[in-house]
Amino acid sequence: MYGLGKNTKNSHVTNILAISAILVTGIVFLLGQSFAQTTSVPDQPVGVTATAISPTSVSISWSPPQNNGGSPLTGYEIDYRVVPNTSYSTLATLNNVTTTYTHTNLVTGKTYIYRVSAMNIIGTGNPSPEVLATPTSSSAPPKNIAPNPPQNLVASVYSSTQINLSWGAPQSNGGPAVSGYKIDFSLDSGNFTNLIANSGSSFTAYSHTGLQVGHTYTYRVFAINSIGTGNSSNTATTTLTQVLTVPGSPTLSATAASATSVSLAWTAPANNGGSAITGYKIEYANATSPYTVLVSNTGNSQTGYIHSGLVTGTMYSYRVTAINSIGAGNPSNVASAQPQETTTPTITTAVAISPTSVSLAWIKPSQTYGQVVNGYRIDQVINGNFLPVDETTSSVTKYTIPNLTTGKTYTFAVTASLSGGSQTNPSPLVSVTPTSTSSSPDLTNQPPQTPTPEQNLALPDPPTGVNATLISQNTVLLSWVAPSNNGKLPVTGFKIESKTGADGTWSIVTSNTGVQMSFIKSGLQTGTIYYYRVSSVSSVGTSQPSSQASVSTQSESSQPPVQSSPTQHSQGMIPVLNTTSTISYEITGGQIVGIGINPGTYSLNINLKADTSGTLSIQIPRDMIDAKKLDGTDDVYIVTNDKSVAQFSETKTTSYRTLVISFPANTVHMSVYGTTVVPEFPIALIVFVLAFIPVIVFSKRIIKY
């Protein structure tokens, strides 16, 4: 048993040694195979030909081998023998990559046999198959043959994405003229692939574009004539490296940011020249001046800028140039804009930051008519329908939209929410398409936001001009004028209080009317004196109350209420109901009860209480309601008082049309008809209920009463 165990142990040792030897042999073999596959002598040349071109000379040509052994070719060896000899002699060792050779000083009538071998740094490969030629007394360059190979092919790196090829025309072999070239290439020592089947030109250069840094490209070129395609040229190999150049051109847009500023936004160049963008040069011009440098170098990669201190209504043109470590590139396209008030957000950046997400950035409207922007609503627009994406309650003016479909074009709009509970119109639409190559830009590539100035917040002043007027036996119309000092935050509404009799206790009629500056209170008791006062409301708080206004109701047996004084007068700003707009007015001989827009009839509608004849002056923004002819010039408004066409005078500016309208006593409704109306919301506006509504047609405009 002991002896058996010892033999078994020796057997185990023997087996282990045998297995180890096999493993080592296998590893060596595999390593050898791997080395052979990556670095070896080249294959044999292909397409070798030998042609007697005179009684004493033979032309030899060939094409490079398909496989160079993983190392660039360094030359060729040409061997020959003369029949009937069986041993070869070396004719030439070419230390270049030319693929033709002429053997001269031969004996006429002798037969010469040739073979060609390719060389690289590893060594010389196997020879090609033999070819033979016999010079005779009548030998001459053939005429109906394909061309010789092109000469001295060179490949050189031009940029980080481009390689330029150049070569010499083939030596003449007596055949038809060269009519074009075929070009093949291989990537990282792989198989050759055709790049150009036939250039169709005798031009001996070509630029291969759209390439990638870090890869090795190998090329060969064939000449073509009417007979066919000849043998290939030498191969030329180069590795594409990073080449630094100046950057390409940005793409620029310009939009009005306010009455005195323009917002610029641009996209970075698609080609940064191989070096990071370090800044941008910004230039501007107007109609009367050449380009002036606004910023010589921003010193950062931000792609936005706000140009302030401009003249309202003047057209400004801009161009932007990208800068990298090499220098400044070519300017962008020219973008122009006129500074003017904006009543909607303006999207300055819409860029795909990944194959499935988009980033939006915008600037807030510059004119909100005394209201504060409380947040924004982002909509996707499909076939004119606004579909909510999200709604914010902050002043942040950028938003990222995820979970999109790669390759699909999306359209977006942004709407601002205002402190009075209303909203602006949507911004101009923007479209963007996430692609498979979309990626996030530098996080600093956001347009700078206009800084909000520090504010010393305080309570607003109380309203002025509070008036109480009976409009029926038990109904009072209250009206007032907004304060000129709002405490640096917009007034968002008004609080109304009342008491009965001079010694009564104040009670709240309504804690907040909204931004309207009139209020109707009904249900009053007959034979009673009512006192009213109004306070301004803002986000800071409620102001002190206004001065009191009183009204007396009469007993049922008394005469109707005394009418307002014929010298009644008020002025100020009045909100247009269900919009964020206000209108400047001045009225003598009456009071404005309410005002609104009817988009169906392109009209501004005003309810009045006018016990005497008087005049109303209103300043109408052109972007609210305007009258235009087909050629774009101004048309006249049609103005009506109840059922009659009213008399009025008008003054105009580029932004406003101011009307002074005369009205008779007891006028209750006035309308101003244009040809366009831009309500801020696509919702039903206030309806002014009248006793009857006849319809008259003036100048193709529908006039409703």
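Residues numbered from 1 in each chain as written. Predicted model: local features only at pLDDT ≥ 70, side-chain atom pairs only at ≥ 80, totals over all residues. Heavy atoms only, no water.

### Structural notes on the packing of aromatic side chains
1) Next: Using the criterion set out here, one finds 11 aromatic pairs in the structure.
2) Next: Considering the side-chain rings of Tyr410 and Phe412, the 6.2 Å spacing of their centres and the 10° angle between planes classify their relative orientation as stacked.
3) Next: A relative accessible area of 1% places Phe412 in the buried class.
4) Next: Ring pairs connect the aromatic residues Phe185, Tyr217 and Tyr219, which therefore count as one cluster.
5) Next: One cation-aromatic arrangement involves Lys499 over Tyr531; the distance from NZ or CZ to the ring centre is 5.6 Å.
6) Next: Directly above the aromatic system of Tyr637 lies the positively charged group of Arg657, at a separation of 4.2 Å from the ring centroid. (Phe/Tyr/Trp six-rings, centres within 6.5 Å; stacked < 30°, edge-to-face > 60°. Buried < 20%, exposed > 50% of the residue type's maximum accessible area, 1.4 Å probe, protein only. Lys NZ or Arg CZ within 6 Å of the ring centre and 35° of its normal.)

### Considering the sheet that holds strand E48 (residues 669–673)
1) Next: The five strands lie next to each other as E40-E41-E48-E44-E45, forming an open sheet whose pairing is antiparallel. This sheet does not close on itself; its edge strands, each paired only once, are strand E40 (591–598) and strand E45 (644–645).
2) Next: In this structure, strand E44 (residues 638–641) lies alongside E48, joined through four bridges in antiparallel fashion. Along E48, the bridge assignment pairs Thr640 with Ser671. (Pairing = 2+ DSSP bridges. Helix = DSSP H or I, 4+ residues; strand = E, 2+ residues; numbered from the N terminus.)

### As for the pairing of strand E37 (residues 549–552)
1) Next: Here E37 shows a clear split, with Ala549 and Val551 buried on one side and none of Ser550 and Ser552 buried on the other.
2) Next: In this sheet, E37 lies alongside strand E36 (residues 529–538) in antiparallel orientation, the contact comprising four bridges. Residue pairing for E37: Tyr532 is matched across the bridge by Ala549.

### Some thoughts on the environment of Asn96
1) Next: Of note, Asn96 is situated in the loop between strand E4 (89–94) and strand E5 (100–103).
2) Next: Sequence separation between Asn96 and Met119 is 23 residues; the distance between their C-alpha atoms is 9.9 Å.

### Observations concerning the confidence of the model for the chain
1) Next: On average, residues of the chain score 81 in pLDDT, and 84% of them reach the 70 mark or higher.
2) Next: For the stretch residues 11–17, pLDDT sits under 50, and the model shows zero contacts to residues farther than four places along the chain or on other chains.
3) Next: Contacts of residues 442–457 to residues separated by more than four positions or lying in other chains number 31 contacts, the stretch itself having pLDDT below 50. (pLDDT = per-residue confidence, 0-100. Contact = heavy atoms within 4.5 Å.)

### Here's the deal with the sheet that holds strand E33 (residues 491–500)
1) Next: Spatially, four strands are ordered E34-E33-E36-E37 in an open sheet, and the strand pairing comes out antiparallel. Every interior strand has two partners, whereas the edge strands, strand E34 (507–510) and E37, have only one. Recorded for the sheet is a direction-independent mean angle of 35° between the axes of neighbouring strands.
2) Next: In the sheet, E33 pairs with E36 via nine bridges, with the strands oriented antiparallel. Residue Ser498 lies in a different strand from E36, and its bridge partner there is Tyr532. (Axes fitted to C-alpha atoms, helices over the stretch in contact; angles between N-to-C directions.)

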